[in-house]
Amino acid sequence: MKIFQREQRSLFGEILDWMLTPLLVIWPASLILTWAVAQGIAGAPFDRALEHNTRALSQLVSVSQGKASFSLPAPAKEILRADDDDQVYYQVLGLRGEYLSGERDLPLPPDDDAIETGLVKMRDDEFRGQDVRIAWLYTRAEPSMGSGKNEGKPILIQVAETREKRSRLATEIVKGVMLPQFIVLPLAVFLIWLALARGIRPLRELEDRIRARRPDDLSPIEPQAVPLEVAPLVNSVNELFDRERQSLIAQRRFLADAAHQLKTPLAGLRMQADLALRANASEADLKQSLQQISRASMSATRTVNQLLALARAEGSGQSLPRQSVDVAQLVIEVVRDALPRAMERSFDLGYEGLDAGDTNAVIQGYPALLLELVRNLIDNALNYVPSTAERAGVITLRVLAGREGHVLLQVEDNGPGIPASERELVLQPFYRRLGQEADGSGLGLAIVAEIAKRHGADLQIDDADFQGDSPGARFTLNFYRA
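Our subject in this report is the structure included herewith.

Cut-offs used in this document
Residues numbered from 1 in each chain as written. Predicted model: local features only at pLDDT ≥ 70, side-chain atom pairs only at ≥ 80, totals over all residues. Heavy atoms only, no water. Pairing = 2+ DSSP bridges. Helix = DSSP H or I, 4+ residues; strand = E, 2+ residues; numbered from the N terminus. Axes fitted to C-alpha atoms, helices over the stretch in contact; angles between N-to-C directions. 1 Å grid on protein atoms, 1.4 Å probe; cavity = no way out; pocket = protein on both sides within 12 Å on 5 of 7 lines; lining within 4 Å. Points joined across faces, edges and corners; volume = space filled by probe spheres on them. Buried < 20%, exposed > 50% of the residue type's maximum accessible area, 1.4 Å probe, protein only. Salt bridge = Lys/Arg side-chain N within 4 Å of Asp/Glu carboxyl O. Contact = heavy atoms within 4.5 Å. Polar contact = N/O pair within 3.5 Å; in protein donor to acceptor, adjacent residues only side chain to side chain.

## Brief notes about the sheet that holds strand β7 (residues 155-162)
To summarise the sheet geometry, strands pair through backbone hydrogen bonds and adopt either a parallel or an antiparallel arrangement.
Reasoning step 1: The sheet built from 5 strands is open, its strands ordered β4-β3-β7-β6-β5 with antiparallel pairing. Two strands bound the open sheet, and with one partner strand each, they are β4 (99-102) and β5 (121-127). Neighbouring strand axes in the sheet, compared pairwise and without regard to direction, differ in orientation by 20° on average.
Reasoning step 2: Relative to β7, strand β6 (residues 130-139) is paired through 8 bridges, and the arrangement is antiparallel. Within β7, the residue paired with Ala135 across the bridge is Val159.

Below, the structure is given as structure tokens:
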């Protein structure tokens, strides 16, 4: 149970709630328990006095000629003297229950009470509209000389006392115990609040240090400067800072590379436009300049499209819902669309593996991104694998059922291959192998790597082991079918 409710959760308030709530709940229970204990403590001495008076009265009972008598001398009346607070009553009943002395209407013991001679018993009862405490005793008085045996029931002696002194003493005990708590409880609450405020101070200091940082300061926070319980949080923040720092570095490098890649086609466009605007330019010069402008604009368009594809692969995949994707059907459709362009350039483009609709080829993923992945793998092979009418370039795509519910996507070619030392580098944006004359922006494989990462797939680059001078290249992506 929480006593203090807040709209926004507060660590300070949460701890204070859990410390004060039991304290404020236990305090009334402690008051009730103290009152009950005080009643027992206050009643004990008065019960002993009642027992003493009852036994003293039993000594004044005698039996003669089979008849009980009770004589209360004047000095003995002092034991029954009423004080200023309480009234004391007594009753003596004979062998046959006849009245001998005291109050006639004093309540008798319970009917189910077992008669035990010589044992003083206590009970709470009501007499003349007042709560009383009654002690009673059954006794068999010694018969007088020559009177014969004591026959009949035991003699009953009862002594009753009102409860004023008991209640007053119990109240004094409760006051003596509980009144100091009205001072101690607020002091305890204040000390708890002070201790919590002091204990939570390192968090406020950490907040002030973070607020005082410059926007570009992503240096790690010293975990030794915070309490042990806060250290895991600081370590998590440091990991976040490190990821943000790496992200900023990658963005700066990406922007610099993108600007550099776009600079060349844009500069070519401007140069060709200047040539076309010359006063003495002939019709052939104008036509050549327009052709160059067309090629440069196509190169710039392709670079921009790939930049957008890379940005989409890095960001949008996180928010898109995953869907069931038939990888075999998707690859077959991409191969069918790319076939006219491959045949125009004398390529042998084909597909092997699972049929469309096979459940072993279904994964959970993002269809648009997977489509972009396969297209970039085919475009990469078309751009970098030599192909002539005499020696056609071979590009083969496969979708295979891997081990333990995996799906393998392979793209294999008979091109020059990729040396092992460069297989990590070609997956970075804008990386171009030296000596390559192919027209490209260096973004295709970076897009493939990013989309594979979004799907949790492993990307591996190997030699294709083609027969001949060219080792070829094989790109293998291992998807989890589940």
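Back to the text.
## Notes on empty space enclosed by the protein
Reasoning step 1: Inspection of the entire model under this criterion finds 1 cavity of 30 Å³ or more.
Reasoning step 2: Empty space within the largest cavity amounts to approximately 40 Å³.
Reasoning step 3: Residue lining of the largest cavity: Val325, Val327, Leu330, Ile363, Leu370, Leu373, Val374, Leu409 and Phe479, and that is the complete set.
Reasoning step 4: Taken together, the elements giving at least two residues each to the lining of the largest cavity come down to α6 (327-344) and α7 (367-384).

## Re the pairing of strand β10 (residues 362-365)
Reasoning step 1: Burial along β10 is one-sided: Ile363 and Gly365 are buried, while Val362 and Gln364, pointing the other way, are not.
Reasoning step 2: As defined by bridge partners, strand β8 (residues 323-326) adjoins β10 across 4 bridges and the pair is classed as antiparallel. Within β10, the position partnered with Val325 by the bridge is Ile363.

## Some remarks on the pattern of salt bridges
Reasoning step 1: Inspection of every chain in the model, using the stated rule, returns 18 salt bridges.
Reasoning step 2: With a closest N to O distance of 3.4 Å, Arg128 and Asp105 form a salt bridge. Residue Arg128 is located in the loop between β5 and β6, and its partner Asp105 is located in the loop between β4 and β5; the two are separated by 23 residues in the primary sequence.
Reasoning step 3: A network of salt bridges, in which partner residues are shared, links Asp47, Asp124, Arg133, Arg163 and Arg166.

## Some thoughts on the environment of Ser58
Reasoning step 1: Along the chain, Ser58 turns up in helix α1 (residues 11-58).
Reasoning step 2: In this structure, Ser58 is in contact with Leu137, Thr139 and Ile157, ignoring residues within four places of it in sequence.
Reasoning step 3: A polar side-chain atom of Ser58 sits 2.5 Å from the main-chain carbonyl oxygen of Arg55.

## Here's the deal with the sheet that holds strand β12 (residues 406-413)
Reasoning step 1: Here we have 5 strands laid out as an open sheet, ordered β9-β11-β12-β14-β13, and mixed in their pairing. Each of the sheet's edge strands pairs with one partner strand only, and the pair in question is β9 (347-353) and β13 (458-462). On average, adjacent strands in this sheet sit at an angle of 15° to one another, irrespective of strand direction.
Reasoning step 2: Sheet topology note: the β13/strand β14 (residues 473-480) ladder contains 5 bridges and is antiparallel.

Honestly, that's just the spatial picture; any functional story needs more than this.
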